[in-house]
Amino acid sequence: MATYQNIITEFNEGILLATINRPTSLNALNIATIDDLKTLITEVYDNEEVKALILTGAGEKAFVAGADITEIADLDEMNARNFAENGQEVFALYENCPKPVIAAVNGFALGGGCELAMACHMRIATNNAKFGQPEVNLGIIPGYGGTQRLTQLIGKGKAFELMMTGDMISAEEAKSLGLVNHVVQSNEELLELCNKILSKILSKAPLAVGMVIDCINAVFSDEDGFQTEANAFSHCTKTEDFAEGTSAFHEKRKPEFKGE
């Protein structure tokens, strides 16, 4: 496993648990942490032993409470574009990862933290979690993809409201809007549910799971999503996992997928 400045990792049965560890700053995303996040997701892509990722924040107050304001305050028109594009590039790696990624949101997910959570494939939250894009309070807007992903997830009207007012919403409201998949009572239940969902996913054909991710993401891209689906469906039929899945069905047994 790689080493990180601001992330702690644990690995168990194919699932990598990564904890952003800046609790005194409410796990705010500084440049070093963005670099860590890039190294982390690169390892998820490249390490065959890693089958899935859970991303969370240290402590019980925050998942990620936003970007590091001291760094944002030094931005100007020239370096701000690079700042935003770098974050967008890193978060796109999470969104397009062929392995499942869950954000375990255990407190504030604001600004860049909300954007990071939205880049993950699913979000599960504790009941004390709060979500929001409060950048207008600083005279800026979301820069790590928030204007795009929040609109995709909750719809245009509500996205306008949240991003123009800077209001925070509760975990339950986030769930009602489709921003959150599940709400639980404690950090222990949070990680337990994340692991339960991922364990179920990991029992399925991994190549097919990756293609589901590609096809769902195609809904929000410029490509023809129906053609992407047809191509992926066709490709699945060439895999050993397809042969194993169909054989197991006929033989009334559990399939043993190998990702081949």
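A closer look at the side chain of Glu 115
- For Glu 115, the position within the fold is in helix H4 (residues 112-119).
- One buried charged residue, Glu 115, forms no salt bridge at all, with the nearest opposite charge on Arg 149 at 6.7 Å.
- If near-sequence neighbours (up to four positions away) are discounted, Glu 115 is found in contact with Phe 91, Gln 133, Glu 135, Pro 142, Gly 143, Tyr 144, Gly 145 and Gly 146.

Let's talk about unusual backbone geometry
- Even without a glycine there, the phi angle at Leu 26 is positive, about 55°.
- Tracing the backbone shows Leu 26 in the loop between strand S2 (15-20) and helix H1 (31-46).
- Overall, Leu 26 belongs to the partly exposed group, its relative accessible area being 30%.
- Residue Lys 252 is not a glycine yet carries a positive backbone phi of 55°.
- Note that Lys 252 resides in the segment after helix H11 (240-250).

Focus on helix H9 (residues 206-218)
- For H9, which comprises 13 residues, the first-to-last C-alpha distance of 19 Å matches the rise-based estimate of 18 Å (1.5 Å per residue) to within 8%.
- Among all positions of H9, only Val 209, Gly 210, Met 211, Ile 213, Cys 215, Asn 217 and Ala 218 are buried.
- Buried-residue contacts for H9 involve helix H3 (77-95), helix H8 (187-202) and helix H10 (225-236).

Things to note about the sheet that holds strand S10 (residues 182-184)
- The sheet built from 6 strands is open, its strands ordered S1-S2-S3-S5-S7-S10 with mixed pairing. Both edges of this open sheet fall to strand S1 (7-12) and S10, since each of them pairs with a single strand only. Strand-to-strand twist across the sheet, computed as the mean angle between neighbouring axes with direction ignored, equals 20°.
- Sheet topology note: the S2/strand S3 (residues 52-57) ladder contains 6 bridges and is parallel. The residue bridging Ala 18 from the neighbouring strand is Leu 55, located in S3.

Structural notes on the sheet that holds strand S6 (residues 108-110)
- Read from one edge of the open sheet, 4 strands run S4-S6-S8-S9, paired in mixed fashion. The open sheet has two edge strands, strand S4 (62-64) and strand S9 (168-170), and neither has a second partner. The sheet shows a mean angle of 20° between the axes of neighbouring strands, direction not considered.

Points about the packing of H9 against H10
- At their nearest, the axes of H9 and H10 sit 8 Å apart, and the two run at 170° to each other. Accordingly, the angle class assigned to the pair H9 and H10 is roughly antiparallel. From H9, Ala 208, Met 211, Asp 214, Cys 215 and Ala 218 reach across to H10, where they touch Gly 225, Thr 228, Glu 229, Ala 232, His 235 and Cys 236.
- Taken together, the residues of the contact of H9 with H10 sort by class into 6 nonpolar, 3 polar and 2 charged.

Here's the deal with the environment of Met 164
- Within the secondary structure layout, Met 164 lies in helix H6 (residues 156-165).
- Its relative accessible area of 59% is what places Met 164 among the exposed residues.
- For the pair formed by Met 164 and Cys 215, sequence separation is 51 residues and the distance between their alpha carbons is 31 Å.

A closer look at a negative patch on the surface
- Together, Glu 60, Glu 188, Glu 189 and Glu 192 make up a negatively charged patch on the protein surface.
- Mapping Glu 188 onto the fold places it in helix H8.
- Glu 188 gets classed as exposed once you look at its relative accessible area, which sits at 59%.

About the cut-offs
- Residues numbered from 1 in each chain as written.
- Predicted model: local features only at pLDDT ≥ 70, side-chain atom pairs only at ≥ 80, totals over all residues.
- Heavy atoms only, no water.
- Helix = DSSP H or I, 4+ residues; strand = E, 2+ residues; numbered from the N terminus.
- Buried < 20%, exposed > 50% of the residue type's maximum accessible area, 1.4 Å probe, protein only.
- Lys, Arg positive; Asp, Glu negative; His and termini not counted.
- Salt bridge = Lys/Arg side-chain N within 4 Å of Asp/Glu carboxyl O.
- Contact = heavy atoms within 4.5 Å.
- Expected span 1.5 Å × (residues − 1).
- Pairing = 2+ DSSP bridges.
- Axes fitted to C-alpha atoms, helices over the stretch in contact; angles between N-to-C directions.
- Parallel < 35°, antiparallel > 145°, perpendicular 65-115°, else oblique.
- Nonpolar A, V, L, I, M, F, W, Y, C, P; charged D, E, K, R; others polar.
- Patch = residues over 30% accessible without salt bridge, like charges linked within 9 Å, V, L, I, M, F, W, Y side chains within 5 Å.
- Areas by Shrake-Rupley, 256 points an atom, 1.4 Å probe, with all protein chains shown as cover.
- Charge placed at Lys NZ, Arg CZ, Asp CG, Glu CD.

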